[in-house]
Amino acid sequence: MKSFKSSAWMLPQPVLIIGTYDKDGKPNAMNAAWGGQWDMNEIMISLGSHATTDNLKDNDELTVAFATVETMVAADYVGIVSGRNTPDKMEKTGWSIEKAPNVNAPVFKDFPMTLECRVKEKIDEEETGYYLVAEIVNILCDEKFLAADGKPDVEKMKLITFDPVHHTYIQLGKTVGKAFADGAQLK
C-alpha cells in the first residue's frame with residue numbers, strides 16, 4: 001500500500017449549500033464540504049470565516065441543501081465567491097429563493113432536499129471560524145424526489161460528492177445493498 005501524508009480525504013464528502021440571511025434580510029449561500037451527521041437530530045459543519053458566519057452572529061437559523069448534478073455549477077460558484085465582496089452573488093446563481101417555513105433562513109428551491117436548522121453550539125469559535133453544531137428542525141423535500149413509500153429517493157436526486165483528492169465532484173451512484181440486513185448473511 002502507498003502511504004500519503006495526513007490530508008482531508010474523508011470520503012465521501014457531501015456538497016452542502018448553507019443558506020443564511022444577513023442583518024438586512026438578504027439571502028446568502030456558501031458551499032461547505034466538511035460536514036455530516038452529528039447526532040440523531042443534529043449536524044456538524046466545519047466553517048471558516050465567511051459572510052455566512054457573519055450572518056450567523058445575528059441570526060442563528062440556517063438551511064442546508066444537498067448539491068446535485070443540476071445545481072453543481074452554481075453550487076461551486078457560491079463556494080468560490082464571497083458574499084462579502086460580491087453583492088449580486090445570489091442573482092448570478094439563478095436560483096429560486098423563498099423563506100423557509102420553520103426557520104428564518106432562505107430555501108433554494110432548485111435543490112431536491114433541504115434541512116431547516118437552528119444553531120445549537122459553536123465549538124472552538126475564533127476569528128478564523130468554528131465547528132457548527134445545528135439542530136435539524138425540519139426537512140423539506142421536493143415531491144418529485146420522493147420514492148413510492150413517500151420518503152426521499154436519494155437516487156432520483158443525483159447528489160454529488162466532493163473528491164478532495166482530485167478536487168472534482170462525483171455523482172453518487174445506485175443502490176447496491178440493504179443496510180442492517182445484508183450483513184445477516186454472515187450470521
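Only a predicted model underlies this, so the values are computations on that prediction, with no experimental measurement involved.

Draft legend 1. Expanded view of helix α1 (residues 51-58). Where α1 is concerned, the buried positions are A51, T52, T53, N55 and L56. For α1, the secondary structure elements touched by its buried residues are β2 (16-21), β3 (27-32), β5 (42-48), β6 (61-66), β9 (113-126) and β10 (129-141).

Draft legend 2. Looking closely at helix α2 (residues 72-80). Every buried residue belonging to α2 is among A74, A75, Y77 and V78, and all of these are buried. Along the long axis of α2, the arc covered by the buried residues comes to 155 degrees, so they all point the same way. Along α2, exposed side chains directed more than 90 degrees from the buried face belong to V73 and I80. For α2, the secondary structure elements touched by its buried residues are β2, β3 and α3 (89-93).

Draft legend 3. A nonpolar patch on the surface, seen in detail. A cluster of nonpolar residues, F4, W9, L11 and V165, forms a patch on the protein surface that exposes about 380 Å² of accessible area. Tracing the backbone through its elements, the reader meets F4 in the segment before β1 (13-14).

Draft legend 4. Structural view of the pairing of β5. Judged from the four bridges that link them, strand β4 (residues 35-39) and β5 form a sheet pairing that is antiparallel. Following the sheet pairing, D39 is matched in β5 by E42. Once β4 ends, the chain turns through two residues before running back antiparallel as β5. Direction of pairing for β5 relative to β10: antiparallel, over a ladder of seven bridges. Bridging from a neighbouring strand, I45 pairs with L132 of β10.

Draft legend 5. Examining the sheet that holds β2 more closely. Taken in spatial order, the seven strands line up as β3-β2-β6-β9-β10-β5-β4 in an open sheet, and their pairing is antiparallel. The open sheet has two edge strands, β3 and β4, and neither has a second partner. If you compare each strand with its neighbour and ignore which way they point, the axes differ by 35 degrees on average. Here α2 sits on the sheet and contacts β2 and β3; the angle it forms with β3, its principal contact strand, is near 95 degrees.

Draft legend 6. Quick peek at the nonpolar core. Of all hydrophobic cores here, the largest spans 22 residues; its most connected members are I18, I43, I45, L62, V64 and C117. Within the residue set of this core, elements represented by two or more residues are β2, β3, β5, β6, β9 and β10. Beyond its immediate chain neighbours, meaning those up to four positions away, C117 contacts I43, D60, E61, L62, V64, V103, A134, E135, I136 and V137. Among the nonpolar cores identified, the runner-up in size contains 17 residues, and A33, A65, W95 and I160 belong to it.

Draft legend 7. Representation of the side chain of K89. Structurally, K89 can be placed in helix α3. Nearest to the buried, unbridged K89 among oppositely charged side chains is D88, at 10 Å.

Draft legend 8. View of the packing of aromatic side chains. Taken as a whole and judged by the stated rule, the model has four aromatic pairs. Seen in terms of ring centroids, W95 and F111 are 4.9 Å apart; in terms of plane orientation they differ by 80 degrees. Their pairing is edge-to-face. Note that W95 is positioned in the loop between α3 and β7 (97-99) and F111 in the loop between β8 (106-108) and β9, a separation of 16 residues in sequence. On the accessibility criterion, F111 (4% relative accessible area) is buried. Cluster of aromatic residues (ring-pair linked, three or more members): W95, F108 and F111.

Draft legend 9. Broad picture of the pattern of salt bridges. Summed over all chains, the structure comprises five salt bridges. E61 serves as the salt-bridge partner of R118, at 2.9 Å between the closest nitrogen and oxygen. Residue R118 is located in strand β9, and its partner E61 is located in strand β6; the two are separated by 57 residues in the primary sequence. According to the relative accessible area criterion, R118 is partly exposed, its value standing at 28%.

Draft legend 10. Up close: the sheet that holds strand β12 (residues 168-171). Taken in spatial order, the three strands of this open sheet run β1-β11-β12, and their pairing is antiparallel. Two strands bound the open sheet, and with one partner strand each, they are β1 and β12. Note that β1 and strand β11 (residues 160-163) share two bridges and pair antiparallel. Residue pairing across strands places P14 opposite T161, the latter belonging to β11.

Rules and cut-offs
- Residues numbered from 1 in each chain as written.
- Predicted model: local features only at pLDDT ≥ 70, side-chain atom pairs only at ≥ 80, totals over all residues.
- Heavy atoms only, no water.
- Buried < 20%, exposed > 50% of the residue type's maximum accessible area, 1.4 Å probe, protein only.
- Helix = DSSP H or I, 4+ residues; strand = E, 2+ residues; numbered from the N terminus.
- Contact = heavy atoms within 4.5 Å.
- Arc of directions from axis to C-beta.
- Patch = residues over 30% accessible without salt bridge, like charges linked within 9 Å, V, L, I, M, F, W, Y side chains within 5 Å.
- Areas by Shrake-Rupley, 256 points an atom, 1.4 Å probe, with all protein chains shown as cover.
- Salt bridge = Lys/Arg side-chain N within 4 Å of Asp/Glu carboxyl O.
- Pairing = 2+ DSSP bridges.
- Axes fitted to C-alpha atoms, helices over the stretch in contact; angles between N-to-C directions.
- Core = buried A, V, L, I, M, F, W, Y, C linked by side-chain atoms within 4.5 Å.
- Lys, Arg positive; Asp, Glu negative; His and termini not counted.
- Phe/Tyr/Trp six-rings, centres within 6.5 Å; stacked < 30°, edge-to-face > 60°.

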